[in-house]
Each structure stands twice: as C-alpha cells, then as structure tokens.
Amino acid sequence: MKNILSVENIEKYYGKKEVITKALDGISFKVDKAEFVGIMGPSGSGKTTLLNCIATIDNVTTGNITINNHEVTKLKFKKLDKFRRDELGFIFQDFNLLDTLTGYENIALALTIQERKPKEIDSLIKKVAETLGISDVLKKYPYQMSGGQQQRVACARAIVTNPSLILADEPTGALDSKSARLLLESFEKLNRSLEATILLVTHDAFTASYTNRILFIKDGKIFNEIVRGSDSRKEFFNRIIEVMTLMGGDVNNVF
Ligand SMILES: Nc1ncnc2c1ncn2[C@@H]1O[C@H](COP(=O)(O)OP(=O)(O)OP(=O)(O)O)[C@@H](O)[C@H]1O
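Remember, it's a predicted structure, so these values are computed and weren't measured experimentally. (Residues numbered from 1 in each chain as written. Predicted model: local features only at pLDDT ≥ 70, side-chain atom pairs only at ≥ 80, totals over all residues.)

A. Summary view of the overall build of the protein. Along the protein, the regular secondary structure elements total nine helices and ten strands. Taken over the C-alpha trace, the protein has a radius of gyration of 18 Å; the compact-globule value for 255 residues is 18 Å, and the two agree within 12%. In terms of principal-axis extent, the alpha carbons of the protein reach across some 50 × 45 × 35 Å. Put simply, of all contacts in the protein between residues at least 6 apart along the chain, 68% involve residues at least 24 apart. (Helix = DSSP H or I, 4+ residues; strand = E, 2+ residues; numbered from the N terminus. Rg over C-alpha atoms; globule rule 2.2 N^0.38 Å. Contact = placed C-beta atoms within 7 Å.)

Right under this line is the structure:
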C-alpha cells in the first residue's frame with residue numbers, strides 16, 4: 001500500500017530553560033493509504049501536540065514529517081497554505097462550521113477556493129452528502145441542525161476535496177452517544193468506500209474501537225500499538241480497555 005504519512009523521530013519542546021516541557025519525545029510511525037488509525041493516551045500525553053504538528057499548525061523541534069511525499073517540516077508560508085488546502089481535511093470537536101452559510105455552502109467553500117467548476121462542485125457535494133446521510137440538511141444553516149448533523153457536514157467538508165489525509169481531534173467529544181455512533185459509522189464509510197486515510201485522536205475507547213489500529217502515547221512516547229485485525233468491534237474495544245488499564249491502573253481515571 002502507498003505510504004501517506006511518515007513521522008520520523010519527532011521531538012517537541014515548549015517553553016525555555018527552567019520551564020521547558022518535552023511534549024513529544026522521539027515519536028516515529030507510518031500510515032498507509034486507506035488506513036484508519038487512532039491515537040490514544042492520558043491527558044497531557046501529547047496527542048494534540050502530535051496532531052497539530054502533523055496538521056502543520058505547530059512546528060516540531062526536531063525530526064521529520066512527510067505527507068504524500070511532501071516533507072511538511074520544510075514547507076513555508078504560501079506553499080504551506082496550498083499544501084493544507086489540497087492535502088489535508090480537518091474535523092474538530094466543535095464542528096467549526098460557518099454560521100452564515102448553509103450546509104451546502106459550508107461544504108462547497110473548500111472546492112470554491114480550489115476554483116472547481118460549479119457543476120463539478122454540485123455533483124461532488126451530492127455524492128458525499130448521500131454517503132453521509134445528510135442530503136436533507138444541505139439547505140439548512142448550522143443552527144437549524146442537530147450536533148450530529150453538523151458534525152457529519154463537517155465530515156463532508158473534510159472529505160469533499162479528496163485530501164490525502166483526514167485529521168480528526170476528539171470528533172465525538174461534543175456528541176450524545178447516538179450521534180457519536182452515527183458519526184463513527186460515517187468515518188467507517190469514508191474509510192471503506194472512499195478509501196479515506198484517517199488519523200483520529202480520542203480518549204474514548206468506544207470511539208477508538210471503530211479504527212483499525214491504535215497508537216497509545218504516554219509522556220510524549222509511543223507506549224503501545226494494537227491492530228484490530230479480524231477482531232469484532234467489541235473484541236477490539238475489550239483489548240483497548242486492557243491497554244488503557246496497563247497504562248495507568250484505573251481506566252476511569254486515566255483518559
Ligand atoms: N503551548 C504550550 N505551551 C507550553 N506547554 C504546552 C503547550 N501546549 C501543550 N503543552 C504541554 O505539552 C504536553 C502535551 O500536551 P497536549 O495538549 O498535546 O496533550 P493531550 O494528550 O492532547 O492532552 P488532553 O487529552 O488533555 O487534551 C502537556 O504537558 C502540556 O502541558
């Protein structure tokens with residue numbers, strides 16, 4: 001399979017001299033096309049820092065990150081903007097939709113910036129809306145949608161440009177359990193039907209159980225890695241709980 005993401009021995013320090021924090025401490029891993037990978041770890045372990053460095057929102061102190069053959073740790077300014085727009089899709093905990101635009105317009109925005117033709121935009125949006133079950137909310141504004149619908153619109157916006165990599169930071173964090181389940185089924189569809197490559201940060205074992213492989217981070221280092229293989233989601237969930245217990249004792253207090 002084609003390699004999409006390669007993280008090589010990255011370190012990230014915050015602060016200076018006496019108040020220095022080593023947030024990432026020699027992390028390396030690879031993600032191939034059409035993989036759905038979870039990143040888990042206790043609070044403060046470095047999950048968001050890692051995702052932000054991969055998202056090119058933050059800089060690594062040392063090490064390299066390559067996405068779809070672009071060495072992102074070396075990209076600057078304008079090239080970085082274009083890279084982000086063309087190669088990455090983002091899904092955040094708080095949806096980040098524009099309130100003054102309809103669902104359709106929110107999804108269309110990324111394509112308009114890429115100067116795609118209106119007919120092409122229309123057919124791409126209709127296709128992705130159907131896949132994610134949001135065709136009936138395209139004309140609505142975010143305030144007229146449920147949280148789950150808003151997050152699936154955000155998902156559509158992230159995938160519609162066909163990015164190399166989708167980055168999701170606690171995407172189910174603001175959703176009730178039914179909406180979370182629907183969203184995770186949408187992620188599965190994006191991954192299986194459209195071969196989307198997804199990297200998802202979560203502290204929630206249920207959310208993580210939808211992925212195919214999980215990297216566990218502790219104190220800025222990779223502590224463990226598990227692959228779902230032929231496990232059912234329930235079996236994978238139980239293995240996730242086992243690792244969480246190993247990492248910190250009482251599961252309820254760890255993540
Ligand atoms: N801007 C910053 N300045 C200084 N230290 C920071 C900064 N951002 C993060 N840190 C520190 O880096 C470490 C990793 O933080 P990070 O937010 O990546 O953890 P996390 O695993 O995402 O935690 P959580 O699950 O609580 O969001 C923590 O010790 C944190 O205090």
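B. Structural view of the environment of serine 6. Positionally, serine 6 belongs in strand 1 (residues 3-14). Residue class for serine 6 comes out partly exposed when judged on the 17 C-beta atoms lying within 10 Å of it. In contact with serine 6, not counting residues within four places along its chain, are Lys30 and Thr66. (Buried ≥ 20, exposed ≤ 12 C-beta atoms within 10 Å, placed from the backbone.)

C. Focus on the sheet that holds strand 5 (residues 70-71). In space, the four strands of this open sheet follow the order 2-1-4-5, with antiparallel pairing throughout. Two strands bound the open sheet, and with one partner strand each, they are strand 2 (21-32) and strand 5. Sheet topology note: the strand 1/strand 2 ladder contains nine bridges and is antiparallel. Following the sheet pairing, asparagine 3 is matched in strand 2 by aspartate 32. Helix-sheet contacts for helix 1 (residues 47-54) involve strand 1, strand 2 and strand 4 (62-67), and the interaxial angle to strand 1 is about 120°. (Pairing = 2+ DSSP bridges. Axes fitted to C-alpha atoms, helices over the stretch in contact; angles between N-to-C directions.)

D. Region of the structure containing the sheet that holds strand 6 (residues 88-91). If you walk across this open sheet you meet the six strands as 6-7-8-3-9-10, and the pairing is mixed. Single-partner strands in this sheet number two, and they are strand 6 and strand 10 (221-227). Between one strand and the next, the sheet's axes are offset by a mean angle of 20°, whatever the strand orientation. Relative to strand 8 (residues 198-201), strand 7 (residues 165-169) runs parallel, the two being bridged by four bridges. Paired with alanine 168 across the bridge in strand 8 is leucine 200.

E. Here's a closer look at the packing of helix 3 (residues 103-113) against helix 5 (residues 147-159). At a closest axis distance of 8 Å, the pairing of helix 3 and helix 5 adopts a crossing angle of 25°. Between helix 3 and helix 5, the angle is such that the two are roughly parallel. Crossing angle aside, the handedness with which helix 3 passes helix 5 is right-handed. The segment helix 3 lies against helix 5, with Gly103, Asn106, Ile107 and Ala110 engaging Val153, Ala156 and Arg157. Classifying every residue of the contact of helix 3 with helix 5 by side-chain character gives four nonpolar, two polar and one charged. (Parallel < 35°, antiparallel > 145°, perpendicular 65-115°, else oblique. Left-handed = near helix turned anticlockwise from the far one by under 90°. Nonpolar A, V, L, I, M, F, W, Y, C, P; charged D, E, K, R; others polar.)

F. Molecular detail of the environment of leucine 165. Assignment of secondary structure puts leucine 165 in strand 7. Under the C-beta neighbour-count criterion, leucine 165 is labelled buried, with 21 such atoms within 10 Å. For the pair formed by leucine 165 and isoleucine 198, sequence separation is 33 residues and the distance between their alpha carbons is 5.9 Å. Beyond its immediate sequence surroundings of up to four residues, leucine 165 is in contact with Ile4, Leu5, Ile67, Glu87, Leu88, Thr197 and Leu199.

G. Quick look at the site of the ligand. Near the ligand lie 13 residues; those nearest to it are Tyr14, Ala23, Ser43, Thr48 and Thr49. Residue assignment for the shell around the ligand shows that the elements contributing at least two residues are strand 2 and helix 1. Considering every element that reaches the shell around the ligand, the biggest residue donor is helix 1, with three residues. Of the residues in the shell around the ligand, the class split is two nonpolar, ten polar and one charged. (Near = placed C-beta within 6 Å.)

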